[in-house]
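Each chain, written out:
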Amino acid sequence: EDTANVVSTAMFMSGVTTLLHSFFGTRLPLVQGPSFVYLAPVLAIINSTEMQRLSENKFKHIMRVLQGSIIVGSAFQALLGYSGLMSLVLRLINPVVVAPTIAAVGLSFYSYGFPRVGTCLEIGAVQILLVIIFSLYLRKISVFGHRIFLIYAVPLGLGITWAMAFLLTEAGVYKYDCNPNIPASNLISEHCRKQVTRMQQCRVDTSHALKVAKWFRFPYPLQWGMPVFSWKMALIICIVAIIASVDSVGSYHASSLLVASRAPPPGVVSRGIGLEGLSSVLAGLWGTGTGSTTLSENVHTLAVTKMGSRRAVELGACVLIVLSLVGKVGGFIASIPQVMVAGLLCVMWAMLTALGLSNLRYSEAGSSRNIIIVGLSLFFSMSVPAYFQQYGVSPNTNLSVPSYFVPYVVASHGPFHFKYGGVNYVLNTLLSFHMVVAFLVAVILDNTVPGSRQERGVYVWSELEAARREPAVTKDYGLPFRVGRALKWVKWVGL
């Protein structure tokens, strides 16, 4: 039930924040929602030693800690945007920085993807193959003028795979040979332990989320209790909020070239980042367990559908809000077998990696300077965290976690051992994140190694005064309801 409630809350906040961004953010037709950028820090907090040692009300306490951390980190992001500091930071962010940073987000979860798919290979592999067939081999087939298979590759693949797993479950193919009510860790027989674990991955009826979910439920603030604030965990989210801002800057620029008359002025970008910070504060208050940011997949969707309508995105956001109020929808999503989710995530993380690298098209991708910088950023983003992960779980603990969670547990036992334990936790955790290492290497090298603006692909943002004189630009980025006139003097937040 808790998982279903989190899913419904995430859907609700995704709809609300998308509407806010459409009216008061950059005003580009971009969907907001939980980002993979926040996944690594959330996993690190959940799997920290102090969280794993909890015995009572563990889920709610973890959610309250995540709430507090996200609220503080997102408030920092809002300050970064609305104070105008983001306009200064934009000078450091270019395609050569954005590309490896976002690619590292997708690559960082390789240890979870196929290992989890392999727990029920005939289901997970079919899921991946169907999405590949629909999105690649059948992508040019049109139905009533729309490329149905390309646009809806993910839901089609999920629906067919779930139906197949349901039929196999009902036909008795995944019948338990041992008692499924006994935890796998307590089973004496190795055969029973493996068989029960496998059946729990393959069957579609192992989760009770759909049964226990309410038909109607309205998400409300502080539903998990009052936030718990931890300075070290909040500091981690602050740094991750900067990475999320880098992701959004790349999405703003790429989407503006597809749907707007010109790229937005720096003030509009700052305004968008500031609103994303406020949106994440709201997400923290409502208890989604993660921050809200512009989804990188927006760019691919805009390029495929050629649909750059702001009204279409607003309508979709309203539909999302309505669906979030139906508790059974969240329950159904929460009940999807994890092996299917892993199969989808394999494709989505691969897509995220490719979308990140696609930012290099705005620079001279063949330049030896850029090749070396991107190569070093990606290599060290994988190698440096591997150095931290070799410390493993502390021998003094009795924690037992799956192998794919080890990278998020070792942060508590990394190589830094200063006098203050909180400082050790922050440094060990941040440098075990692939995206943080990629960003640090790329931003330092790109801004210190000589190179022309054309070679670096420096983002060209519209000049504020010139943008104000063009009606088309004002229509694209101007605030509605005469809010823009009231804030005309605040030049650092746009038109």
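Only a predicted model underlies this, so the values are computations on that prediction, with no experimental measurement involved.

### Points about the overall build of the protein chain
- Scanning the protein chain for helices and strands turns up 25 helices and two strands.
- With 495 residues in all, the protein chain has 52% of them scored as buried.
- Across the protein chain, every contact between residues at least 6 apart in sequence was considered, and the portion connecting residues at least 24 apart equals 83%.
- Accessible area for the protein chain stands at about 22400 Å²; split by element, carbon and sulfur atoms hold 67% of it.

### Considerations on the side chain of Ser-14
- Here Ser-14 shows up in helix H1 (residues 2-24).
- For Ser-14, a relative accessible area of 9% translates into the label buried.
- A polar contact is formed between the side chain of Ser-14 and the backbone oxygen of Gln-32, at a distance of 2.6 Å.
- Dropping the residues within four chain positions of it, Ser-14 is found in contact with Val-31, Gln-32, Gly-33 and Leu-320.

### Some details on helix H10 (residues 153-170)
- Helix length check: H10 (18 residues) gives 26 Å between terminal C-alpha atoms against 26 Å at 1.5 Å per residue, within 8%.
- Among the residues of H10, Ala-153, Gly-157, Leu-158, Thr-161, Ala-165 and Thr-169 are the ones counted as buried. One face of H10 carries all of its buried residues, which in axial projection span an arc of 115°. Exposed side chains of H10 directed beyond 90 degrees from the buried face belong to Leu-167 and Glu-170.
- Downstream of H10 by a residue or two, Gly-172 has a phi angle that is positive, lying close to 85°.

### A short note on the side chain of Ser-296
- If you trace the backbone, Ser-296 turns up in the loop between strand S2 (292-294) and helix H15 (297-305).
- For Ser-296, the residues in contact, after removing those within four places along its chain, are Ile-102, Asp-247, Ser-251, Leu-352 and Leu-355.

### Some words on H15
- Within H15, the full set of buried residues consists of Asn-298, Val-299 and Leu-302. Projected onto a plane normal to the axis of H15, the buried residues spread over an arc of 100° and lie on a single side.

### Remarks on the packing of helix H8 (residues 121-137) against helix H18 (residues 338-358)
- Where H8 meets H18, the closest approach of the two axes is 8 Å, and the angle between their N-to-C directions is 35°. In this structure, H8 crosses over H18, and the sense of that crossing is right-handed. From H8, Ile-123, Gly-124, Gln-127, Ile-128 and Val-131 reach across to H18, where they touch Val-339, Met-340, Gly-343, Leu-344, Cys-346 and Val-347.
- For the contact of H8 with H18, the residue count by class is eight nonpolar, three polar and no charged.

### Here's the deal with the confidence of the model for the protein chain
- Residues at a pLDDT of 70 or more form 89% of the protein chain, whose mean pLDDT is 83.
- Highest mean pLDDT in the protein chain belongs to helix H21 (residues 434-448) (94); lowest belongs to helix H25 (residues 483-486) (68).

### Brief notes about the environment of Ser-368
- Inspection of the secondary structure puts Ser-368 in helix H19 (residues 368-389).
- Look at Ser-368 and you get exposed, because its relative accessible area is 52%.
- Distance in space between the C-alpha atoms of Ser-368 and Glu-455 is 10.0 Å, their sequence separation being 87 residues.

### Focus on a nonpolar patch on the surface
- Residues Leu-129, Ile-132, Ile-133, Leu-136 and Tyr-137 make up a contiguous nonpolar surface patch of roughly 500 Å² in combined accessible area.
- Accessibility expressed as a relative area gives 68% for Tyr-137, which makes it exposed.

### Side note on the packing of aromatic side chains
- Going through the model one piece at a time under the given rule, you end up with 13 aromatic pairs.
- Between the aromatic rings of Phe-379 and Phe-380, the centroid separation amounts to 5.5 Å while the plane-to-plane angle is 75°, which identifies the pairing as edge-to-face.
- Residue classification places Phe-379 among the exposed residues on the basis of a relative accessible area of 52%.
- With relative accessibility at 34%, the residue Phe-380 sits in the partly exposed group.
- Members of the aromatic cluster, each reached through a chain of ring pairs, are Phe-36, Phe-109, Tyr-112 and Trp-349.

### Here we look at the nonpolar core
- Core analysis: the largest hydrophobic core is formed by 62 residues, its most contacted members being Val-249, Phe-433 and Met-435.
- If you tally residues by element for this core, the top one is helix H13 (residues 231-259), at 10 residues.
- In this structure Phe-433 touches Ala-40, Pro-41, Ala-44, Ile-236, Val-240 and Pro-385, once residues within four positions along its chain are discounted.
- Among the nonpolar cores identified, the runner-up in size contains 16 residues, and Cys-120, Met-199, Cys-202 and Met-340 belong to it.

### Description of unusual backbone geometry
- Of note in this structure, Arg-27 is not a glycine but carries a positive phi near 75°.
- Position of Arg-27 relative to the elements: it lies in the loop between H1 and strand S1 (32-34).
- Here Leu-222, not a glycine, exhibits a phi torsion of approximately 55°, which is positive.
- Here Leu-222 is to be found in the loop between helix H12 (209-212) and H13.

Scoring rules and cut-offs
Residues numbered from 1 in each chain as written. Predicted model: local features only at pLDDT ≥ 70, side-chain atom pairs only at ≥ 80, totals over all residues. Heavy atoms only, no water. Helix = DSSP H or I, 4+ residues; strand = E, 2+ residues; numbered from the N terminus. Buried < 20%, exposed > 50% of the residue type's maximum accessible area, 1.4 Å probe, protein only. Contact = heavy atoms within 4.5 Å. Areas by Shrake-Rupley, 256 points an atom, 1.4 Å probe, with all protein chains shown as cover. Polar contact = N/O pair within 3.5 Å; in protein donor to acceptor, adjacent residues only side chain to side chain. Expected span 1.5 Å × (residues − 1). Arc of directions from axis to C-beta. Axes fitted to C-alpha atoms, helices over the stretch in contact; angles between N-to-C directions. Left-handed = near helix turned anticlockwise from the far one by under 90°. Nonpolar A, V, L, I, M, F, W, Y, C, P; charged D, E, K, R; others polar. pLDDT = per-residue confidence, 0-100. Patch = residues over 30% accessible without salt bridge, like charges linked within 9 Å, V, L, I, M, F, W, Y side chains within 5 Å. Salt bridge = Lys/Arg side-chain N within 4 Å of Asp/Glu carboxyl O. Phe/Tyr/Trp six-rings, centres within 6.5 Å; stacked < 30°, edge-to-face > 60°. Core = buried A, V, L, I, M, F, W, Y, C linked by side-chain atoms within 4.5 Å.

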